[in-house]
Amino acid sequence: PEGAPDITLSIFRREEDSTRKVLYHTHGGGMIVGTRLSGLASFLECVDRYGLVLVTVEYRLAPEHPHPAAVEDCYAGLVWTAAHADELGVDADELAIGGTSAGGGLAAALALMARDRGGPALTGQVLLCPMLDDRNETVSSHQFQGVGVWDRRSNETGWTALLGDARGTPDVSPYAAPARAKDLTGLPPAFIDAGSAEVFRDEAVDYARRIWAAGGTSELHVWSGGFHGFDMLAPQASVSVEARRVRAAWIARALQLSDLSGT
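Described below are features of the structure shown in this document.

So, the pairing of strand β5 (residues 124-128)
In terms of residue burial, β5 counts as a mostly covered element, since five of its five residues are buried. Neither face of β5 is exposed, since Gly 124, Val 126 and Leu 128 on one face and Gln 125 and Leu 127 on the opposite face are all buried. Both strand β4 (residues 95-100) and β5 contribute to a ladder of five bridges, which runs parallel. Within the sheet, the bridge partner assigned to Ile 97 lies in β5 and is Gln 125.

Written out as structure tokens, the structure reads:
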């Protein structure tokens, strides 16, 4: 963005058999921690199995850099990726976005920004246990207080770092908290999932419901017993294996990818 420092992107692809289809990744970390290399496991599986090209962005973190620094960094990187598609060996018309937790919230915000700013065109959005709503008012946000890797208090900390005194007020932008968006029409197809035992469960379900109500397409999964980030912290659990399988299958369908693994 104008006046901001340069943004770093990393690109992952197979040495052979890469497609021209790309997923642009925004990392998690509650808006306050993490790097572009955080939480890549689910998406790297798609690089390996389907030849997907993965681009991941380093964005500025709160509280040192409050909203809109993070989302504007992510959008600038997305625009750059589309504009340099030929140089990167990808197709600007085969571009999806995705992220986990805060990264899922940023991916949802990017879908809104791309719609409202006239591009880039997106083929899908993958929102994994997304951080969508600064108000922290859902049933699940109250159920998980003092328990789990990211609880109600953690959520308040992350949102306050990003928004300061504006957190929870009527003036919060949907580009900061996508649940604030009044209009969810015209968005790319969404894959949304969450665990049943996490603070983000109800806002993820509500976001999917509102996309349907607006005439859009969303596939929703709530994984029974799953806590926040369960597939990364307990990757060998049967529910984690199944969650990653279902996500990868949706990405493959959305981008029309062929299985290169031979299995």
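Anyway, onward from the coordinates.
Here we look at the sheet that holds strand β1 (residues 9-12)
An order of β1-β3-β2-β4-β5-β6-β7 is seen for the seven strands of this open sheet, with the pairing classed as mixed. Two strands in the sheet have a free side with no partner beyond their single neighbour: β1 and β7 (218-223). For this sheet, the mean inter-axis angle between neighbouring strands, taken without regard to orientation, is 15 degrees. With five bridges joining them, strand β2 (residues 22-26) and β4 adopt parallel strand pairing. Bridge pairing in β4 links His 25 to Gly 98. The strands touched by helix α2 (residues 69-83) within the sheet are β1, β2, β3 (53-57) and β4, with β2 carrying the most contacts at an inclination of about 165 degrees. Where helix α7 (residues 201-213) meets the sheet, it contacts β5, β6 (190-195) and β7, and its direction lies at approximately 160 degrees from that of β7.

Some details on the packing of aromatic side chains
For the structure shown, the criterion picks out one aromatic pair. In this structure, Arg 117 packs its charged tip against the face of Tyr 75, placed 4.8 Å from the ring centre. Of note, Arg 117 hangs over the ring of Tyr 175, and the distance from its end group to the ring centre comes to 5.9 Å.

Some words on the layout of surface pockets
Within this model, the largest pocket holds a volume of roughly 270 Å³. In terms of lining, the largest pocket is formed by 16 residues, of which the most central are Gly 28, Gly 29, Ser 101, His 228 and Met 232. Residue composition of the lining of the largest pocket, by class: six nonpolar, ten polar and no charged. Considering only enclosed or pocket space, the second largest pocket measures out at about 170 Å³ in volume. Lining the second largest pocket are Glu 45, Cys 46, Arg 49, Tyr 50, Val 241, Arg 244, Arg 245, Ala 248 and Ala 249. If you tally residues by element for the lining of the second largest pocket, the top one is helix α9 (residues 238-255), at five residues.

Notes on empty space enclosed by the protein
With the rule as written, the count across this model stands at two cavities of 30 Å³ or more. There is about 60 Å³ of room inside the largest cavity. Surrounding the largest cavity, Gly 39, Ala 41, Ser 42, Thr 100, Leu 128, Cys 129, Asp 231, Met 232 and Arg 247 form its lining. For the lining of the largest cavity, the secondary structure elements donating two or more residues are α1 (41-50) and α8 (230-233). Considering only residue class, the lining of the largest cavity consists of four nonpolar, three polar and two charged. The space that makes up the second largest cavity amounts to roughly 40 Å³. Around the second largest cavity sit Met 31, His 67, Ala 70, Val 71, Gly 105, Leu 106, Ala 109, Leu 162, Tyr 175 and Ala 176, which together line it.

Scoring rules and cut-offs
Residues numbered from 1 in each chain as written. Predicted model: local features only at pLDDT ≥ 70, side-chain atom pairs only at ≥ 80, totals over all residues. Heavy atoms only, no water. Buried < 20%, exposed > 50% of the residue type's maximum accessible area, 1.4 Å probe, protein only. Helix = DSSP H or I, 4+ residues; strand = E, 2+ residues; numbered from the N terminus. Pairing = 2+ DSSP bridges. Axes fitted to C-alpha atoms, helices over the stretch in contact; angles between N-to-C directions. Contact = heavy atoms within 4.5 Å. Phe/Tyr/Trp six-rings, centres within 6.5 Å; stacked < 30°, edge-to-face > 60°. Lys NZ or Arg CZ within 6 Å of the ring centre and 35° of its normal. 1 Å grid on protein atoms, 1.4 Å probe; cavity = no way out; pocket = protein on both sides within 12 Å on 5 of 7 lines; lining within 4 Å. Points joined across faces, edges and corners; volume = space filled by probe spheres on them. Nonpolar A, V, L, I, M, F, W, Y, C, P; charged D, E, K, R; others polar.

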